[in-house]
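Architecture and fold: a report
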Amino acid sequence: MNRSKGAGRATISDVARAANTGKTSVSRYLNGEQNLLSDDLKQRIETAIHSLNYRPSQMARSLKGGQTRLIGLIIADITNPYSVDVMRGVEAACRRQGFTLLVCNTNNEINQEQHYLQLLSSYQVEGIVVNAVGMREEALSMLQQSLLPMVLIDRKIPDFTCDVVGLNNREAATLATHHLIDQGFEAILFLSEPVGTVNTRLERLDAYRATMQAYPDLQARSAEVLLTDSAQLDAVLSDFSRSNRGRRKAVLSANGALTLHIARAMRRLGIRWGSDIGLLGFDELEWAELAGVGITTFKQPTYEMGYAALEQVVKRIQGCQDDPCEQAFSGELIVRGSTSL
């Protein structure tokens, strides 16, 4: 009764044929309606299933019941430690809630964004978590039209009504700026990737500026740089260092990826963080405590945010009709040698 090697995956028709019965009886057996079958028929079906190594299609069974138990996660860059921690939180909550997670990495490519949105729709996912800071307008429009239960992580979209989970950016940037001021830094440079309409960058920059305005004797500067342009970053850091000779200087980095580029630029320029220039970066990175004297970071509860995002999606799947909400988490300042007195 065993299928020959290479014959392909056994089907319910194969089981019915081997058990000398119809597909309806096999379906009843698989769906727990065995009380409708005779003992002899149940034994024949069980023997056929084991002999053929038959595994029912969970997708087909879910679709028949109107539920796939699938959740889609769209992220912009799977190599980003922030995204990895978010994904861990979402996946853990999926397991607890009985869902399976489908992860789509767009790599910040617009074609990939649209492709994965269409793919997730074809798989009939029950909800989507979106952690894609670089998502373009075309993809966002597709998301809005999908009507799927959805939660955004980290980024709020103008004119896009949706649940959002993220860091309390104003609170975090205010705390980070005050730390640098309290440590005696007289000139502080806020560095970010192009701000545009990305709310996380805007809120951190606004909070930094508002805090510095209360200290008119201190030098406040901000600049936008591209991660792909090391010459630009070198020039900004060199100019900041040169124009503030004699002052105690510090750089506040808007995210973890940029912090790494700043650290590399400082090494290229022969600048020592902690002694020549202070350095504080958003996002806790594994290498931060190993980088010489260590780099002060602002740690986001990324795992918890991912977990909370999935729980909110499940509430929507279950029919919650409350107005869209924003969950803003507080973070933790981890002080190391790069900002010590």
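The protein carries the name LacI family DNA-binding transcriptional regulator in an unreviewed UniProt entry, which gives Chimaeribacter arupi as its organism.

With that settled, the discussion passes to the overall build of the protein. From N to C terminus, the protein includes 12 helices and 12 strands. Put simply, the protein has 341 residues, and 44% of those count as buried. Considering only contacts in the protein between residues 6 or more positions apart, those separated by 24 or more positions represent 68%. Carbon and sulfur atoms form 46% of the exposed surface of the protein, whose accessible area is close to 17000 Å².

Our focus in this paragraph is the nonpolar core. Core analysis: the largest hydrophobic core is formed by 22 residues, its most contacted members being L189, L191, L237, V251, I262 and M266. Residue assignment for this core shows that the elements contributing at least two residues are β6 (187–192), α10 (230–243), α11 (256–269) and β9 (277–282). Setting aside residues no more than four positions away along its own chain, M266 makes contact with L237, V251, I271, W273, I277, G278 and L279.

This structure, assessed with the given rule, holds 13 salt bridges. Here E193 makes a salt bridge to R201, at a shortest N to O gap of 3.9 Å. Each of the two residues, E193 as well as R201, counts as buried. R268 is the salt-bridge partner of D234, the closest N and O atoms lying 2.7 Å from each other.

Turning next to the pairing of strand β5 (residues 163–167). For a regular strand, the rule is simple: side chains alternate between the two faces of the sheet. Extensive coverage of β5 is indicated by the burial of 5 of its 5 residues. Relative to strand β11 (residues 326–329), β5 runs parallel, the two sharing 4 bridges. Across the sheet, the residue bridging to V164 is E326, located in β11.

With that out of the way, let us pick up the pairing of strand β4 (residues 150–153). A two-sided burial pattern is seen for β4, the buried positions comprising M150 and L152 on one face and V151 and I153 on the other. Bridge count for strand β3 (residues 127–131) against β4 is 3 bridges, and the pairing is parallel. Each residue of the ladder has a partner; that of V130, found in β4, is L152.

Its 14 residues give helix α8 (residues 169–182) an end-to-end C-alpha distance of 20 Å, which sits within 8% of 20 Å, the value for a rise of 1.5 Å per residue. Two residues or fewer after α8 comes G184, characterised by a positive phi angle close to 90°.

This brings us to the packing of α8 against helix α9 (residues 199–213). One way to put it is that α8 packs onto α9 with a least axis distance of 8 Å and a crossing angle of 40°. Between α8 and α9, the crossing angle belongs to the class labelled oblique. Crossing of α8 against α9: the hand is right-handed. In contact with N169, R170, A173, T174, T177, H178 and I181 of α8, α9 contributes N199, T200, E203, R204, D206, A207, Y208, T211 and M212. Of the residues assigned to the contact of α8 with α9, the class counts are 5 nonpolar, 7 polar and 4 charged.

Right, let's get into the confidence of the model for the protein. With 89% of its residues at a pLDDT of 70 or more, the protein shows a mean pLDDT of 87. Every residue in residues 1–6 is under pLDDT 50, and counting partners more than four places away or in other chains gives 10 contacts.

Here we come to the packing of aromatic side chains. Inspection of the entire model under this criterion finds 3 aromatic pairs. An angle of 45° between the planes, with centres 5.6 Å apart, marks the rings of F282 and F298 as tilted. Of this pair, F282 sits in strand β9 while F298 sits in strand β10 (residues 296–299); the two residues are 16 residues apart in sequence, bridging distant segments of the chain. Sitting over the ring of F99, R69 keeps its end group 3.9 Å from the ring centre.

A word on the sheet that holds β9. As summarised here, the arrangement of the 6 strands in space is β7-β6-β8-β9-β10-β12, forming an open sheet in which the pairing is mixed. With one partner strand each, in any of the chains shown, β7 (219–224) and β12 (332–334) form the two edges of the open sheet. The sheet shows a mean angle of 20° between the axes of neighbouring strands, direction not considered. In this structure, β6 lies alongside β7, joined through 6 bridges in parallel fashion.

Moving on, we come to the side chain of T296. Relative to the helices and strands, T296 is located in strand β10. Look at T296 and you get buried, because its relative accessible area is 0%. With residues near it in sequence (within four places) discarded, T296 still touches H179, L279, L280, G281, L333, I334, V335, R336, S338 and T339.

Before going further, it helps to spend a moment on the sheet that holds β4. Taken together, 6 strands build an open sheet; the order of strands is β2-β1-β3-β4-β5-β11 and the sheet is parallel. Each having just a single partner strand, β2 (100–105) and β11 make up the two edges of the open sheet. If you compare each strand with its neighbour and ignore which way they point, the axes differ by 15° on average.

Parameters at a glance
- Residues numbered from 1 in each chain as written.
- Predicted model: local features only at pLDDT ≥ 70, side-chain atom pairs only at ≥ 80, totals over all residues.
- Heavy atoms only, no water.
- Helix = DSSP H or I, 4+ residues; strand = E, 2+ residues; numbered from the N terminus.
- Buried < 20%, exposed > 50% of the residue type's maximum accessible area, 1.4 Å probe, protein only.
- Contact = heavy atoms within 4.5 Å.
- Areas by Shrake-Rupley, 256 points an atom, 1.4 Å probe, with all protein chains shown as cover.
- Core = buried A, V, L, I, M, F, W, Y, C linked by side-chain atoms within 4.5 Å.
- Salt bridge = Lys/Arg side-chain N within 4 Å of Asp/Glu carboxyl O.
- Pairing = 2+ DSSP bridges.
- Expected span 1.5 Å × (residues − 1).
- Axes fitted to C-alpha atoms, helices over the stretch in contact; angles between N-to-C directions.
- Parallel < 35°, antiparallel > 145°, perpendicular 65-115°, else oblique.
- Left-handed = near helix turned anticlockwise from the far one by under 90°.
- Nonpolar A, V, L, I, M, F, W, Y, C, P; charged D, E, K, R; others polar.
- pLDDT = per-residue confidence, 0-100.
- Phe/Tyr/Trp six-rings, centres within 6.5 Å; stacked < 30°, edge-to-face > 60°.
- Lys NZ or Arg CZ within 6 Å of the ring centre and 35° of its normal.

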